[in-house]
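Observations on the model geometry
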Amino acid sequence: MPVRLRDVAVHAGVSVKTVSNVVNGYVHVSPEMRKRVEASLSELNYRVNLSARSLRRGRSGVIALAVPALDMPYFAELTRFIVQEAEVLGYTVLVDQTDGVREREHVVATGVRSHLIDGLILSPVAMDAVELSGLDEETPIVLLGEKADVTPIDHVAFDNVAAACTATEHLLDLGRRRIAAIGYQAGREARSGVAAVRRAGYESALEAAGIPVDPALTRQVHGYGRQDGADAMASLLAARPDAVLCFNDQLALGALHTLAREGLEVPRDVAVVGIDDIEDGRYSTPTLTTIAPDKAGVARAAVRLLHDRLEAPGVRGRQVDVGFRLVPRESTLGLAGRRPLRAPAGL
């Protein structure tokens, strides 16, 4: 028998109205009450009746998520969080891949599939702020990433400048002074987007430490995959860096591969830091020090903003910034960055 709102209300010890408010995303519920109800929703495996709700509201109950690449671990992990958040509010998520191509981003952003979806969460790469600001939003949109100047559209991001600065400061605090950077890009990406802001954070940390940026220690990449990181690291070896900041974890994993192949010890010879905290970095050898953005927070904010737009169409142009943290591991701290193993029971 399907779980009803009344069942959830009894389980949580609240009114049916309170459960309904939580399910529908209304803001006038205390954090403690919301947490209690969401726990009961999860424990009882409550699912919103999409057919009934869609008929009442004239909606499909489907939202779309468009990301540059599903084979990039960061976006794969973020997608999982967004699907989980959407399920809580009773939405099904249609996932699309744009490959960072302007034409494909424009197709999803201009509502060509608006007859299928109620709203869109978009992570744009190729479309710039001017193009995005000019969109006629027939379908509500929430943006992810570095297009903060798109004022009419809701936007979720974390401070990439501060993140890259924090990562570089970590290396400086360890006494490293020849700190390389892998992830610079040319063209439009050099002026906007993730590459530009992470570059700004790296350079500002060096400047604050009185260390000039050395072009011999910076590398442009065509993409942000492991091979790009491996190739860039190989080309840096002659410059003898003692540390490297990679603008994402995949670049860092590629850099680790090259360093191991060349017989260099991490972190004794070269310390390595990435950004994104993908799962692979927790199991690399050595484990990867990284900046961990609050991916669950990004997903929660994006889905809630889109839900609010559907409930109150006049509300738009909101900016939500989520946090991040430095996660030190073996690639900068050596054995000191290793979590101690728990002793077997009985010893």
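Everything here concerns the structure above.
This structure is a prediction, so every number in the text was calculated from the model and none was measured.

**Examining the sheet that holds strand β11 (residues 319–322)**
With respect to topology, 6 strands assemble into an open sheet ordered β2-β1-β3-β4-β5-β11, the strand pairing being parallel. The open sheet has two free edges, formed respectively by β2 (92–97) and β11, since each of these has just one partner strand. Taken over all neighbouring pairs, the strand axes of this sheet differ in orientation by 20° on average, direction set aside. By the bridge criterion, 4 bridges tie strand β1 (residues 62–67) to strand β3 (residues 119–122) in an arrangement that is parallel. If you follow leucine 65 over to β3, its bridge partner there is isoleucine 121.

**Some words on the pairing of β2**
Pairing analysis gives 6 bridges linking β1 to β2, with the strands arranged parallel. Looking at β2, one finds that valine 67 is bridged to glutamine 97. Since β1 and β2 lie parallel, the crossover through helix α5 (residues 73–88) that links them has a hand, and here it is right-handed.

**Regarding the layout of surface pockets**
Computed from the structure, the largest pocket encloses a volume of approximately 810 Å³. Forming the boundary of the largest pocket are 34 residues, of which Pro68, Phe75, Val125, Val194 and Tyr224 lie nearest the centre. Contributions of two or more residues to the lining of the largest pocket are made by α5, β5 (154–158) and α10 (194–208). Roughly 320 Å³ of volume is contained in the second largest pocket. Glu38, Ser42, Gln84, Glu85 and Val88 are, among the 13 residues lining the second largest pocket, the residues nearest its centre. At the level of elements, α3 (31–43), α5 and α13 (295–311) are the ones that each hand at least two residues to the lining of the second largest pocket. Here the lining of the second largest pocket gets 5 residues from one element, more than from any other, and that element is α5.

**Some points on the nonpolar core**
Residues Ile121, Val156, Ile182 and Val272 are the most contacted members of the largest nonpolar core, which totals 66 residues. Ranked by the residues each element gives to this core, the list is headed by α13, at 8 residues. The residues contacting isoleucine 121, other than those within four sequence positions of it, are Ile63, Ala64, Leu65, Ala66, Ile82, Val142, Leu144, Ala302, Val303 and Leu306. If you look at the next biggest cluster of nonpolar residues, it comprises 14 residues, including Val62, Ala66, Ala109 and Ile117.

**What to know about the pattern of salt bridges**
Using the criterion set out here, one finds 17 salt bridges in the structure. The shortest N-O distance in the salt bridge between aspartate 277 and arginine 329 comes to 3.0 Å. Here aspartate 277 is found in the loop between β9 (271–275) and β10 (289–293), whereas its partner arginine 329 is found in the loop between β12 (324–327) and α14 (330–333), with 52 residues between them in sequence. The burial state of aspartate 277 is the same as that of arginine 329; both residues are buried. Among the charged side chains, a network of salt bridges with common partners joins Asp96, Asp99 and Arg104.

**Examining the packing of aromatic side chains**
According to the stated counting rule, one finds 4 aromatic pairs in the structure shown. When the centroid spacing of 5.3 Å and the interplanar angle of 80° are considered together, the rings of tyrosine 74 and phenylalanine 75 count as edge-to-face. The class of tyrosine 74 is buried, set by a relative accessible area of 14%. Ring plane angle 55° and centroid distance 6.2 Å describe the contact between phenylalanine 158 and phenylalanine 324, whose orientation is recorded as tilted. Linking phenylalanine 158 in strand β5 with phenylalanine 324 in strand β12, this pair joins segments that are 166 residues apart in sequence. With a relative accessible area of 8%, phenylalanine 158 lands in the buried category.

**Remarks on the sheet that holds β12**
Strand pairing in a sheet is mediated by backbone hydrogen bonds. Such pairs are either parallel or antiparallel. If you walk across this open sheet you meet the 6 strands as β7-β6-β8-β9-β10-β12, and the pairing is mixed. Each edge of the open sheet carries a strand with a single partner, namely β7 (218–220) and β12. Geometrically, the sheet is characterised by an average inter-axis angle of 15° between neighbouring strands, direction not taken into account. When strand β8 (residues 243–246) meets β9, the two strands line up parallel, connected through 3 bridges. Residue alanine 243 lies in a different strand from β9, and its bridge partner there is alanine 271. Strand contacts of helix α8 (residues 160–173): β6 (179–184), β8, β9, β10 and β12, with the helix running at about 165° to β8, the strand carrying the most contacts. Packing against the sheet, α10 makes contact with β6, β7, β8 and β9, and its axis sits at approximately 165° to β6.

Parameters at a glance
Residues numbered from 1 in each chain as written. Predicted model: local features only at pLDDT ≥ 70, side-chain atom pairs only at ≥ 80, totals over all residues. Heavy atoms only, no water. Pairing = 2+ DSSP bridges. Helix = DSSP H or I, 4+ residues; strand = E, 2+ residues; numbered from the N terminus. Axes fitted to C-alpha atoms, helices over the stretch in contact; angles between N-to-C directions. Right-handed = clockwise from strand over helix to strand, strands pointing away. 1 Å grid on protein atoms, 1.4 Å probe; cavity = no way out; pocket = protein on both sides within 12 Å on 5 of 7 lines; lining within 4 Å. Points joined across faces, edges and corners; volume = space filled by probe spheres on them. Core = buried A, V, L, I, M, F, W, Y, C linked by side-chain atoms within 4.5 Å. Buried < 20%, exposed > 50% of the residue type's maximum accessible area, 1.4 Å probe, protein only. Contact = heavy atoms within 4.5 Å. Salt bridge = Lys/Arg side-chain N within 4 Å of Asp/Glu carboxyl O. Phe/Tyr/Trp six-rings, centres within 6.5 Å; stacked < 30°, edge-to-face > 60°.

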